[in-house]
Amino acid sequence: QVQLVESGGGLVQPGGSLRLSCAASGSIFSIKAMGWYRQAPGKQRELVAAITTGGSTNYADSVKGRFTISRDNAKNTVYLQMNSLKPEDTAVYSCNAEIRVRGRTFDYWGQGTQVTVSS
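Below is a short write-up of the structure. (Residues numbered from 1 in each chain as written. Predicted model: local features only at pLDDT ≥ 70, side-chain atom pairs only at ≥ 80, totals over all residues. Heavy atoms only, no water.)

Strands pair in a sheet through their backbones, by hydrogen bonds, and they do so in one of two ways: parallel or antiparallel. Spatial strand order, S1-S3-S8-S7: 4 strands in an open sheet with antiparallel pairing. In this open sheet, the two edge strands, each paired with only one partner strand, are strand S1 (2-7) and strand S7 (67-72). Direction aside, the axes of adjacent strands within the sheet are offset by 15 degrees on average. Strand direction decides the pairing type here: strand S3 (residues 18-26) and strand S8 (residues 77-82), joined by 6 bridges, are antiparallel. Bridge pairing in S8 links Leu 20 to Leu 80. (Pairing = 2+ DSSP bridges. Helix = DSSP H or I, 4+ residues; strand = E, 2+ residues; numbered from the N terminus. Axes fitted to C-alpha atoms, helices over the stretch in contact; angles between N-to-C directions.)

So, about the environment of Phe 29. Mapped onto the secondary structure, Phe 29 falls in the loop between S3 and strand S4 (30-39). Classification of Phe 29 as exposed rests on a relative accessible area of 67%. Expressed as a C-alpha distance, the spacing of Phe 29 and Arg 102, which sit 73 residues apart in the sequence, is 7.1 Å. (Buried < 20%, exposed > 50% of the residue type's maximum accessible area, 1.4 Å probe, protein only.)

When you line up the elements, Ser 94 lands in strand S9 (residues 91-101). Relative accessible area serves as the criterion here: at 13%, Ser 94 is assigned to the buried category. Every residue in contact with Ser 94, bar those within four places of it in the chain, is listed here: Glu 6, Gly 35, Trp 36, Tyr 37, Trp 109 and Gly 112. (Contact = heavy atoms within 4.5 Å.)

Given below as C-alpha cells:
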C-alpha cells in the first residue's frame, strides 16, 4: 500500500510564505512525476506545479516567479515553497505522484492541506 502524506499548510498573511511537503511511503518501486494541485471553493482543481524525476519543472502562470517545486528522490518527498502569497492562492493543496508498484504505474493523491491567505 502506498500513501502520500502532506504537511505545511496553514494561515498566512498576504505577502507571506509557506512550505508544503508531501512524503510517499509504502511498497514503492519508483516514482515518476510528482506535482501539486489546488482547488478553491467553487472552482475546478488546477495544476500548480509539477516536477519530473530528472528535475524538469512546469508551473501555472499564476504562480510563476513566486512558487518553487522541488523533490528529494532519496526521501520520496516533494516540496512546494510558496512566497509572496496572495488571497487568491487560498485553496486546498493536494500532492500527486505517479508511482510504479509491482510492475504497474498508478496515480496516487494525498489527503490535501488547507492554505489560507488572509489578513
